[in-house]
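What follows is each chain in one-letter form.
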Amino acid sequence: MLLPLPPQSSKPVPKKSQSSKIVPSHHDPSEKTGENCQTKISPSSLQESPSSLQGALKKRSAFEDLTNVSFEMTHETLYLAVKLVDLYLMKAVCKKDKLQLLGATAFMIAAKFEEHNPPRVDDFVYICDDNYQRYEMLSMEINILNVLKCDINIPVAYHFLRRYARCIHTNMKTLTLSRYICEMTLQEYHYVQEKASKLAAASLLLALYMKKLGYWVPFLEYYSGYSISELHPLVRQLNKLLTFSSYDSLKAVYYKYSHPVFFEVAKIPALDMLKLEEILNCDCEAQGLVL
């Protein structure tokens, strides 16, 4: 028997720009144009407003600063860039002193694929603190595309998250929490092999549990195609990842989602392990399953 569509909420959803900085926007945050999440001063902007750049010309030298780049970048670009790096490293060897070049170039390729107005090559050279020359980045771009055989139309978890959220009509705060959970996995090798669709479903499932919205679980199960028993092992791993995130040395994602623009979802505590097991057991019992 097919599940009915969940009722569309009549309550208007606040429209916020999904940005790592406060950037007012009148676009729907559930749309790609409203999910821009990144900002940074680039060489292409130096000629536009010199007076606004005072004190803002500090050089960037780390890969994590790519997510803070005055051109705007969508979440899809970030996810695709990380995926390109993962796939490349599965098939080729990259020396340690070229890893930053690899990351920046993958980001450039992802931007060309996802962005309406991608940044220039010189912008990405600048992001790397001029550690590399323009020709090196172009050479790395050719190398990546050759290794991947130009197959860069890769499904990423962010696409599935948006789809699932629309199907069950979840509110923006719950969706943002699931995005935070999913984005945390970009920093972990353990999740490289997970299917994007399954990772997205597990991230949203954990967000529903954390927000005490378990009554939406059957709809997620129906529209994702994954049974809850398939998702539970991954949900446990994700909850553990959140539990120990405060001890992680990589804080960029946590700080980003601690901002009011993202509803401060990073400050929502992870579920207690015993409480999570109780919730999972209740779900399984409701379906006649045994963990």
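Residues numbered from 1 in each chain as written. Predicted model: local features only at pLDDT ≥ 70, side-chain atom pairs only at ≥ 80, totals over all residues. Heavy atoms only, no water.

## Re the overall build of the chain
Helix and strand content of the chain: 11 helices and 2 strands. Seen in sequence order, the chain has helices and strands lined up from the N terminus as β-β-α-α-α-α-α-α-α-α-α-α-α. Buried positions account for 49% of the 291 residues belonging to the chain. Counting every atom, the chain has about 15,200 Å² of accessible surface; 56% of that belongs to carbon and sulfur. (Helix = DSSP H or I, 4+ residues; strand = E, 2+ residues; numbered from the N terminus. Buried < 20%, exposed > 50% of the residue type's maximum accessible area, 1.4 Å probe, protein only. Areas by Shrake-Rupley, 256 points an atom, 1.4 Å probe, with all protein chains shown as cover.)

## Brief notes about the pattern of salt bridges
A side chain of one charge can pair with a side chain of the opposite charge when the charged atoms of the two come close. A complete count under the given rule lists 7 salt bridges for this structure. Here Lys112 makes a salt bridge to Glu141, at a shortest N to O gap of 2.7 Å. On the criterion of sequence distance, the pair formed by Lys112 in helix H2 (residues 99-114) and Glu141 in helix H4 (residues 134-147) is long-range, its members being 29 residues apart. Take Glu141: its relative accessible area is 12%, and that puts it in the buried class. Close ionic contact of Glu264 with Lys267 constitutes a salt bridge, the shortest N to O distance being 3.5 Å. (Salt bridge = Lys/Arg side-chain N within 4 Å of Asp/Glu carboxyl O.)

## A word on helix H6 (residues 172-184)
Between its terminal C-alpha atoms H6 stretches 18 Å, which fits the 18 Å expected from 13 residues at 1.5 Å a residue. Within H6, the full set of buried residues consists of Met172, Thr174, Leu175, Thr176, Leu177, Ser178, Arg179, Tyr180, Ile181, Cys182, Glu183 and Met184. Contacts from the buried residues of H6 go to helix H1 (75-91), helix H5 (157-168), helix H7 (196-210), helix H9 (228-243) and helix H10 (252-256). By the N-cap criterion, in which a side-chain oxygen at the helix start approaches the backbone nitrogen of a residue two or three places on, H6 is capped by Asn171, the distance to Lys173 being 3.2 Å. (Expected span 1.5 Å × (residues − 1). Contact = heavy atoms within 4.5 Å. Polar contact = N/O pair within 3.5 Å; in protein donor to acceptor, adjacent residues only side chain to side chain.)

## Thoughts on the confidence of the model for the chain
Looking at the chain, the pLDDT average stands at 81 and 74% of residues meet or exceed 70. Mean pLDDT values over the elements of the chain span from 45, in strand E1 (residues 36-38), up to 98, in H7. Below a pLDDT of 50 lies the segment residues 9-41, which in the model reaches 98 contacts outside its immediate sequence neighbourhood of four places, other chains included. Taken together, the stretch residues 46-69 has pLDDT below 50 and engages in 41 contacts with residues farther than four places along the chain or on a different chain. (pLDDT = per-residue confidence, 0-100.)

## With respect to the packing of aromatic side chains
Within the structure shown, the criterion is met by 9 aromatic pairs. Arranged with centres 4.8 Å apart and planes meeting at 85°, the rings of Tyr222 and Tyr223 form a pair that is edge-to-face. Put simply, the rings of Tyr180, Tyr257 and Phe262 touch in pairs and so form one group of aromatic residues. Taking NZ or CZ as reference, Lys251 lies 5.9 Å from the ring centre of Tyr254, over its face. (Phe/Tyr/Trp six-rings, centres within 6.5 Å; stacked < 30°, edge-to-face > 60°. Lys NZ or Arg CZ within 6 Å of the ring centre and 35° of its normal.)

## Quick word on the nonpolar core
Judged by nonpolar contacts, the single largest core of 52 residues is most densely connected at Tyr180, Ile181, Leu206, Tyr209, Val235 and Leu238. Among the elements of the structure, H5, H6, H7, helix H8 (217-224), H9 and helix H11 (273-286) are those that each provide at least two residues to this core. The dominant element in this core, judged by the number of residues it contributes, is H7, at 12 residues. Those residues in contact with Leu206, other than ones at most four positions away along the chain, are Ile181, Val235, Leu238, Asn239, Leu242 and Leu271. Residues Ala81, Phe107, Ala111 and Val121 belong to the second largest nonpolar core, which totals 32 residues. (Core = buried A, V, L, I, M, F, W, Y, C linked by side-chain atoms within 4.5 Å.)

## Describing H5
Compared with the 16 Å implied by 1.5 Å per residue over 12 residues, the 17 Å span of H5 between its first and last C-alpha is a close match. Within H5, burial applies to Ala157, Tyr158, Leu161, Arg162, Tyr164, Ala165, Cys167 and Ile168. Where H5 is buried, its residues contact H1, H6, H7 and H8. At the exit of H5 stands His169, carrying a positive phi of roughly 55°.

## Examining the packing of H6 against H9
Two measures define how a pair of helices packs: the angle their axes make with one another and the distance between the axes. Relative to each other, H6 and H9 sit at 85°, their axes nearing to 10 Å. Between H6 and H9, the crossing angle belongs to the class labelled roughly perpendicular. Packed against H6, whose contacting residues are Tyr180, Ile181 and Met184, the element H9 presents Leu238, Leu241 and Leu242 at the interface. When grouped by side-chain class, the residues that make up the contact of H6 with H9 number 6 nonpolar, no polar and no charged. (Axes fitted to C-alpha atoms, helices over the stretch in contact; angles between N-to-C directions. Parallel < 35°, antiparallel > 145°, perpendicular 65-115°, else oblique. Nonpolar A, V, L, I, M, F, W, Y, C, P; charged D, E, K, R; others polar.)

## Quick look at a nonpolar patch on the surface
On the surface, Phe244, Tyr247 and Met273 cluster together into a nonpolar patch covering about 370 Å² of accessible area. The topology assignment puts Tyr247 in the loop between H9 and H10. Exposure remark for Tyr247: the relative accessible area of 68% places this residue in the exposed category. (Patch = residues over 30% accessible without salt bridge, like charges linked within 9 Å, V, L, I, M, F, W, Y side chains within 5 Å.)

## Quick word on unusual backbone geometry
For Asp129, which is not glycine, the phi torsion reads 65° and is therefore positive. Inspection of the secondary structure puts Asp129 in the loop between helix H3 (121-127) and H4. For Asp129, a relative accessible area of 26% translates into the label partly exposed. Of note in this structure, Glu264 is not a glycine but carries a positive phi near 55°.

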